[in-house]
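Given next are the chains, with one letter for each unit.
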Amino acid sequence: MPQKRPEPVSSSPASALNGSEITTTECRGCGAMVSGLNGRYACGVCGWVNPWSEGHTALPTAEDDPDYPG
């Protein structure tokens, strides 16, 4: 019988991450619990990575990078 996937669980915002939120969910590849930033995950057990578009916020642009040469 297939298991129902749990909904992502969010923790409180991490102040050192400028409003980013540490989130936790179950890996879709192997079932391990994985944590990530703003709904973006990578599993260290099996290598699964969720698509960037599944995140909770927009990704920063190159111009947002302090080392951007332009």
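These figures come from a predicted structure and were not determined experimentally. (Residues numbered from 1 in each chain as written. Predicted model: local features only at pLDDT ≥ 70, side-chain atom pairs only at ≥ 80, totals over all residues. Heavy atoms only, no water.)

A. Expanded view of the pairing of strand S3 (residues 33-37). Side chains Val34 and Gly36 of S3 all project onto a buried face; the interleaved residues Met33, Ser35 and Leu37 project onto a face where none is buried. If you look at the hairpin formed by strand S2 (residues 21-26) and S3, you'll find 6 residues sitting between the two strands, and glycine 31 has a positive phi there, around 90 degrees. (Buried < 20%, exposed > 50% of the residue type's maximum accessible area, 1.4 Å probe, protein only. Helix = DSSP H or I, 4+ residues; strand = E, 2+ residues; numbered from the N terminus. Pairing = 2+ DSSP bridges.)

B. Geometry of the pattern of salt bridges. Inspection of the entire model under this criterion finds 1 salt bridge. One salt bridge connects glutamate 54 with arginine 28, and the closest N-O pair in it is separated by 2.7 Å. With glutamate 54 in the segment after S3 and arginine 28 in the loop between S2 and S3, this pair connects stretches of sequence that are 26 residues apart. Overall, glutamate 54 belongs to the partly exposed group, its relative accessible area being 33%. (Salt bridge = Lys/Arg side-chain N within 4 Å of Asp/Glu carboxyl O.)

C. Seen up close, unusual backbone geometry. For asparagine 38, which is not a glycine, the phi torsion comes out positive at approximately 50 degrees. Tracing the backbone shows asparagine 38 in the segment after S3.

D. Up close: the side chain of asparagine 50. Residue placement: asparagine 50 occurs in the segment after S3. Only 2.9 Å separates the side chain of asparagine 50 from the backbone oxygen of glycine 39, close enough to count as a polar contact. Only 3.3 Å separates the side chain of asparagine 50 from the side chain of glutamate 54, close enough to count as a polar contact. Contact partners of asparagine 50, with chain neighbours within four places excluded, come to Arg28, Gly39, Arg40 and Tyr41. (Polar contact = N/O pair within 3.5 Å; in protein donor to acceptor, adjacent residues only side chain to side chain. Contact = heavy atoms within 4.5 Å.)

E. View of the environment of arginine 40. Residue position: arginine 40 is located in the segment after S3. Not counting chain neighbours up to four residues away, the residues in contact with arginine 40 comprise Asn50, Trp52, Gly55, His56, Thr57, Ala58 and Leu59. Separated by 2.5 Å, the side chain of arginine 40 and the backbone oxygen of threonine 57 make a polar contact.

F. Expanded view of the state of the cysteines. A full pass over the atoms with the stated rule returns 0 disulfides. The cysteine cysteine 43 is free of any disulfide, with cysteine 27 supplying the nearest cysteine sulfur at 3.7 Å. A residue is classified by how much of its surface remains accessible, and cysteine 43, at 6% relative accessible area, is buried. With no disulfide of its own, cysteine 46 lies closest to cysteine 27 among cysteine sulfurs, the gap being 3.6 Å. Judged by relative accessible area, cysteine 46 falls into the partly exposed class, the value being 41%. (Disulfide = S-S within 2.5 Å.)

The values reported here are purely geometric and, on their own, carry no functional implication.
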